[in-house]
Amino acid sequence: MFGKSSRRDKPGYARLDVRTFAVVLAGAAVFCTPASGAVTWIHKSSTTGDLPAPNAGSQQTCCVVFDIDKDGVDDFVVGERTKTPSVVWYKYNGTGWNKYVIDDTPLKPEAGGDAYDIDKDGDMDLVLGQDASGNAVWWWENPCPDFGKPWTRRLIKDSGGRKHHDQSFGDYDGDGKVEFVTWNQGDKKLLFYNIPGDPKTAGPWMPSPIYQWSSGREREGFPSIPVDIDLDGRLDIVGGGRWFNKYGDGGKFREHPIDEEMTFTQCAAGQLVKGGRPEVVFSPGDMDGDAKWYQWDGEKWVAHTLRPVLHGHTCEIRDVDQDGNLDIMIGEMGDPGAGDEANIYIWYGDGAGGFEETIAWHGQGIHEGKFGDFDGDGDLDILLKPYHHNAPRLDILLNAGPRKVSLDRWQRYHIGAIMPDICAAIQTRRKGAIARSCLRQRRALSAKAIRLAG
């Protein structure tokens, strides 16, 4: 039975979006009231004219959020790899969003990307990596404040292995200068770059491989906000089921596994539990499985399961409801993924390891979704970008503040129709099919209960 419980005081307890939620299986009835901490979302969409779609293509791969024009409001970049323009950016106009072209040539950007002032001219520049079709990593010079000028594209990498899923900027070696890292899945390497003194004329940058694997699933993912895992005053690299820190006087980094089963995941990191090391979240991004958060107990990383997800390729940690405690967002892709049953989950944290699980949106797949203040009102909104599901399209969920709840208005639901048919899965001969079927049944049952409660 869910509801108020002593388990809420224990780290790792993630409960449903209810203050009171009673399930009586024998009577097949649900009595529920929604949690008061959940945020209300206002839906904006390219399907209703609130903003234009990126292009006519159906593979929207990458998404990067940053303040392009320095007006204090988050803008965002979307890349697509089947049509032109291949890279566009969006700016809020007071009622909707205008689209502008960054690159109108045919490119094949991979999921990931990041932004940093590479040329040190006071505005943020854009970095994207090429997919499995090539070995390039590009950066674009931001023309701010004169957007009548083109974005100039230059090379960071044009040799070696193909595919570059996820990039990150940060001062990872503690020298006071920001560096650049990218996964290179084709070469099975994590590449580290110092930014050249004159990046406009440097040509391809010189990489230093700091980690390599020989077999198993691909490595991917970085937190959108880097963190200092070991609290030594220096940012650390997190991704691929592990974290890395620099040691010694050279350019060496040490690998620290967190969960070897979480190599092929998207990730986030932050102070979910106040005090001690930051916590880490891994979500199966390009496969199905359990999303988990991890807490350091002084000797090892302790895993806490959040829920089963289907291609949970959106994974973020931020304070969504502005209560001073960090929250978790994980969103499911649609195709591949959960299709029209895709959910965006938000777990509202209490700063002590307890969470309220909610569904912010249902029915549209999300890929590389991001938080940002897209309307300039000071709170966090959600950029809902699908990869292929119903593409081309973009959606934005505007944060309208905490949901108001009446505790004396209850509604009864019959849940007999949503009980999972586990027997059908058990009769499936293939072990992998059984696991996938059971995971989907577990996910469907719990997600349906949350929707009914909300």
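The rules behind each value
- Residues numbered from 1 in each chain as written.
- Predicted model: local features only at pLDDT ≥ 70, side-chain atom pairs only at ≥ 80, totals over all residues.
- Heavy atoms only, no water.
- Pairing = 2+ DSSP bridges.
- Helix = DSSP H or I, 4+ residues; strand = E, 2+ residues; numbered from the N terminus.
- Axes fitted to C-alpha atoms, helices over the stretch in contact; angles between N-to-C directions.
- Buried < 20%, exposed > 50% of the residue type's maximum accessible area, 1.4 Å probe, protein only.
- Contact = heavy atoms within 4.5 Å.
- Polar contact = N/O pair within 3.5 Å; in protein donor to acceptor, adjacent residues only side chain to side chain.
- Phe/Tyr/Trp six-rings, centres within 6.5 Å; stacked < 30°, edge-to-face > 60°.
- pLDDT = per-residue confidence, 0-100.
- Salt bridge = Lys/Arg side-chain N within 4 Å of Asp/Glu carboxyl O.

## Looking at the sheet that holds strand 7 (residues 75-80)
Phase 1: Taken together, the four strands give an open sheet; going across it, the order is 6-7-8-9, and neighbouring strands pair in antiparallel fashion. On the outer flanks of this sheet lie strand 6 (60-66) and strand 9 (97-103), each paired with one strand and no other. If you compare each strand with its neighbour and ignore which way they point, the axes differ by 25° on average.
Phase 2: Alignment of strand 7 against strand 8 (residues 87-92), held across four bridges, turns out to be antiparallel. Looking at strand 8, one finds that F76 is bridged to Y90.

## Section: the environment of I382
Phase 1: Checked against the element boundaries, I382 lands in strand 30 (residues 381-384).
Phase 2: In this structure I382 comes out as buried when scored by relative accessible area, which is 0%.
Phase 3: Spatially, the C-alpha atom of I382 lies 7.8 Å from that of N399, the residues being 17 residues apart in sequence.
Phase 4: Those residues in contact with I382 that sit more than four places away from it in its chain are W41, M329, I346, A360, I366, K370, F371, F374, D395, I396 and L397.

## Thoughts on the side chain of D395
Phase 1: Summarising the element assignment, D395 is placed in strand 31 (residues 395-402).
Phase 2: Within the structure, the side chain of D395 is placed 2.7 Å from the side chain of H43, a separation counted as a polar contact.
Phase 3: Apart from the residues within four sequence positions on either side, D395 is in contact with H43, K44, S45, Q364, I382, L383 and L384.

## As for unusual backbone geometry
The phi torsion of most residues other than glycine is negative, and most of the peptide bonds are trans.
Phase 1: Look at the link from C144 to P145: it is a cis peptide, with omega at 10°.
Phase 2: With respect to the helices and strands, the residue P145 is situated in the loop between strand 12 (136-141) and strand 13 (152-158).
Phase 3: Cis geometry is found at the peptide bond from A391 to P392, where omega equals 5°.
Phase 4: Not every positive phi belongs to a glycine, and K120 is a case in point at roughly 55°.
Phase 5: Its relative accessible area of 61% is what places K120 among the exposed residues.

## Some remarks on the pairing of strand 21 (residues 265-270)
Phase 1: In terms of burial, strand 21 is a largely internal element, six of the six residues being buried.
Phase 2: Here strand 21 shows no split at all, with T265, C267 and A269 on one side and Q266, A268 and G270 on the other all buried.
Phase 3: Where strand 21 and strand 22 (residues 279-284) come together, six bridges link them in antiparallel fashion. Its bridge partner lying in strand 22, C267 is registered against F282.

## Topic: the packing of aromatic side chains
Phase 1: This structure, assessed with the given rule, holds 21 aromatic pairs.
Phase 2: A centroid spacing of 5.7 Å and a plane angle of 35° characterise the contact between Y345 and W347, whose relative ring orientation is tilted.
Phase 3: On the basis of relative accessibility, which here comes to 0%, the residue Y345 falls in the buried class.
Phase 4: On the accessibility criterion, W347 (0% relative accessible area) is buried.
Phase 5: Site record: aromatic cluster; members linked through ring pairs are Y116, F169, F180, Y193 and W205.

## Digging into the pairing of strand 15 (residues 179-184)
Phase 1: Of all six residues in strand 15, six are buried; the element is thus mostly enclosed.
Phase 2: Both faces of strand 15 are covered, namely the face carrying E179, V181 and W183 and the face carrying F180, T182 and N184.
Phase 3: Bridge count for strand 15 against strand 16 (residues 189-194) is six bridges, and the pairing is antiparallel. Residue pairing for strand 16: N184 is matched across the bridge by K189.
Phase 4: Once strand 15 ends, the chain turns through four residues before running back antiparallel as strand 16, passing K188 with a positive phi of about 55°.

## Considering the confidence of the model for the protein
Phase 1: Predicted confidence across the protein gives a mean pLDDT of 88, with 82% of residues reaching 70 or more.
Phase 2: For the protein, strand 1 (residues 2-3) is the element with the lowest average pLDDT, namely 30, and strand 11 (residues 125-129) is the one with the highest, namely 99.
Phase 3: Across residues 1-36, where pLDDT falls below 50, the model places 111 contacts with residues more than four positions away in sequence or in other chains.

## Quick notes on the sheet that holds strand 11
Phase 1: Spatial strand order, 10-11-12-13: four strands in an open sheet with antiparallel pairing. Here the strands that pair on one side only, and so sit at the sheet edges, are strand 10 (114-116) and strand 13. In this sheet, neighbouring strand axes are inclined to one another by 25° on average, regardless of whether the strands run parallel or antiparallel.
Phase 2: Inspection of the sheet shows strand 11 paired to strand 12 by four bridges, in the antiparallel sense.

## A short note on the pattern of salt bridges
Phase 1: The full count for this structure, using the stated rule, is 14 salt bridges.
Phase 2: We note a salt bridge from D103 to R153, for which the minimum N-O separation is 2.5 Å. With D103 in strand 9 and R153 in strand 13, this pair connects stretches of sequence that are 50 residues apart.
Phase 3: Accessibility expressed as a relative area gives 36% for R153, which makes it partly exposed.
Phase 4: With a shortest N-O distance of 3.6 Å, D232 and R234 are connected by a salt bridge.
Phase 5: A relative accessible area of 40% places D232 in the partly exposed class.

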